[in-house]
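Each chain, written out:
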Amino acid sequence: MSQHKLHVLVVEDEVSLVELLRYNLEKEGFRVTAANDGEEALALLKEGKPDLLVLDWMLPHVSGIEICRQVRRRPELRDLPVIMLTARGEEADRVRGLEVGADDYVIKPFSPSELVARIRAVLRRARPGAADEMLTYGGIAMDLAAHRVMRNGRFLHLGPTEFRLLRFFMERPGRVFSREQLLDGVWGRDIYVELRTVDVHIRRLRKAINGEGERDVIRTVRAAGYALDDQPDPAPG
Ligand code: CA
């Protein structure tokens, strides 16, 4: 199946990270161009509009946030999807990034598969039909059109609520959600459901997706909620 390749512009001054992203994004079928600083990025954006911008926050000369601001000011770039790369722990930066118009952010260090999943999710929201209707993460593949889920090559049987719950996580891998946020996102605000209902469906989802000897990809975050996460827990301390 031949297909127009989606074009991702990566703006990052760390050369090794650019190469890692280029390798992984090209492997996933994207066309990649890269700029090492903000000025180069703005020059490239004048030449043509990519399908998505991956923008590092910390750049020499012109910061990522300033680029994002300029992108949103230009009518022809206003709808360009932007994912910002931010440093861990800079919560205020992330809020500012979303305020100046970034569509999502990914916290460094991140796995290439997490970024790819975020890119697909943002593209799907920005241009329905442009990205394929597959969500993939941590060995799990969701075919949204066919309503089928696979993990490591075997089909999984999910109830409708577990399917919606998994989809919600797969569109935002690595992100921690409280029970309230999951209720809002998966069940909707208008319906009254007890918080512990979330736990029941998380349990069913785990049972459905975690096979013998497979990592539990649903992470319980004490006093916070749940996340879809295929990374091992960081060492304590
Ligand atoms: Ca940087």
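This one's a predicted model, so the numbers in the text were calculated from it and none came from an experiment.

Conventions adopted
- In every chain, residue numbers begin from 1 and rise along the written sequence.
- Per-residue local features are limited, in this predicted model, to residues with pLDDT of at least 70; the limit for side-chain atom pairs, both in listing and counting, is 80 or more; totals at the level of whole chains, interfaces and linings are taken over all residues.
- The side-chain numbers reported here are obtained from all heavy atoms of the structure, hydrogens and water having been left aside.
- To qualify as a helix, a DSSP run of H or I must reach at least 4 residues; to qualify as a strand, a run of E must reach at least 2; elements of each kind are numbered from the N terminus.
- Atoms counted for the radius of gyration: C-alpha only. Globule rule: 2.2 Å times the number of residues to the power 0.38.
- Exposure categories follow from relative accessible area, calculated using a 1.4 Å probe and restricted to protein chains: below 20% of the type maximum is buried, above 50% is exposed, and the middle band is partly exposed.
- In what follows, a contact means two residues having at least one pair of non-hydrogen atoms within 4.5 Å.
- Only the protein chains shown count as covering a residue, and every accessible area follows the Shrake-Rupley method with a 1.4 Å probe.
- His is not counted, nor are the chain ends, whereas Lys and Arg count as positive and Asp and Glu as negative.
- Just so you know, the charge point we use is NZ for Lys, CZ for Arg, CG for Asp and CD for Glu.
- Being paired, for any two strands, means DSSP has found at least two bridges between them.
- Helix axes use the C-alpha atoms of the stretch in contact, all axes being lines fitted to C-alpha atoms, and the angles between their N-to-C directions lie in the range 0 to 180 degrees.
- For Na, K and Ca the donor cut-off is 3.2 Å, and for all other metals it is 2.8 Å, counting N, O and S atoms only; because water is absent from this set, sites may look incomplete.
- We call two directions roughly parallel when the angle between them is under 35 degrees, roughly antiparallel when it is over 145, roughly perpendicular when it lies between 65 and 115, and oblique otherwise.
- Residue type decides the class: Asp, Glu, Lys and Arg count as charged, Ala, Val, Leu, Ile, Met, Phe, Trp, Tyr, Cys and Pro as nonpolar, and the leftover types, Gly among them, as polar.

## Here we look at the overall build of the chain
1) Next: A count of helical and extended segments in the chain gives eight helices and eleven strands.
2) Next: Its C-alpha atoms give the chain a radius of gyration of 19 Å, near enough to 18 Å, the size a compact globule of 237 residues would have.
3) Next: Based on the C-alpha atoms only, the size of the chain along its principal axes is roughly 50 × 45 × 40 Å.
4) Next: Within the chain, the fraction of its 237 residues that count as buried is 48%.
5) Next: Sequence separation of 24 or more characterises 54% of the internal contacts of the chain that already satisfy a separation of 6 or more.
6) Next: Here the chain has roughly 12,500 Å² of accessible surface; of this, 50% comes from carbon and sulfur atoms.
7) Next: Considering the chain, the positive charge centre built from 37 side chains and the negative charge centre built from 38 side chains are found 4 Å apart.

## Digging into the environment of Leu-182
1) Next: Tracing the backbone through its elements, the reader meets Leu-182 in helix α7 (residues 179-187).
2) Next: Residue class for Leu-182 comes out buried when judged on its relative accessible area of 0%.
3) Next: Between the C-alpha atom of Leu-182 and that of Glu-66, which follows or precedes it by 116 residues, the distance is 33 Å.
4) Next: The residues contacting Leu-182, other than those within four sequence positions of it, are Leu-165, Phe-168, Phe-169, Phe-177, Trp-187, Val-198 and Tyr-226.

## Regarding the sheet that holds strand β1 (residues 7-11)
1) Next: If you walk across this open sheet you meet the five strands as β2-β1-β3-β4-β5, and the pairing is parallel. Single-partner strands in this sheet number two, and they are β2 (31-35) and β5 (104-108). Between one strand axis and the next, the sheet turns through 20° on average, direction left out of account.
2) Next: Relative to β2, β1 is paired through five bridges, and the arrangement is parallel. Counted as the bridge partner of His-7 is Arg-31 from β2.
3) Next: Lying over the sheet, helix α1 (residues 15-27) contacts β1, β2 and β5, oriented at roughly 165° with respect to β2.

## Remarks on the coordination of the calcium ion
1) Next: The protein atoms that coordinate the calcium ion are Glu-12 (OE), Asp-13 (OD), Asp-56 (OD) and Met-58 (O), at distances spanning 2.0 to 3.0 Å.
2) Next: The motif formed by the donor residues of the calcium ion, counted along the single chain, is E-D-x42-D-x1-M. Here Asp-56 lies in strand β3 (residues 52-56) and Asp-13 lies in the loop between β1 and α1, a separation of 43 residues in the sequence.
3) Next: We classify Asp-13 as partly exposed; its relative accessible area is 35%.
4) Next: A residue is classified by how much of its surface remains accessible, and Asp-56, at 4% relative accessible area, is buried.

## As for the packing of helix α6 (residues 160-170) against helix α8 (residues 195-209)
1) Next: At their nearest, the axes of α6 and α8 sit 10 Å apart, and the two run at 85° to each other. Classified by the angle their axes make, α6 and α8 are roughly perpendicular. In this structure, α6 uses Thr-161, Glu-162, Leu-165, Leu-166 and Phe-169 to contact α8, whose residues at the interface are His-201, Ile-202, Arg-204, Leu-205 and Ile-209.
2) Next: For the contact of α6 with α8, the per-class residue count stands at six nonpolar, two polar and two charged.

## With respect to the sheet that holds strand β7 (residues 140-143)
1) Next: If you trace the four strands from one edge of the open sheet to the other, you get β6-β7-β8-β9, paired in antiparallel fashion. Since the sheet does not close on itself, it has two edges, and those belong to β6 (134-137) and β9 (154-156), each with one partner. Recorded for the sheet is a direction-independent mean angle of 25° between the axes of neighbouring strands.
2) Next: The sheet contact formed by β7 and strand β8 (residues 148-151) spans four bridges and is antiparallel. Bridge assignment links Ile-140 to a residue of β8, and that residue is Arg-151.
3) Next: Packing of α6 onto the sheet brings it into contact with β6, β7 and β8, and relative to β7 it is tilted by some 115°.

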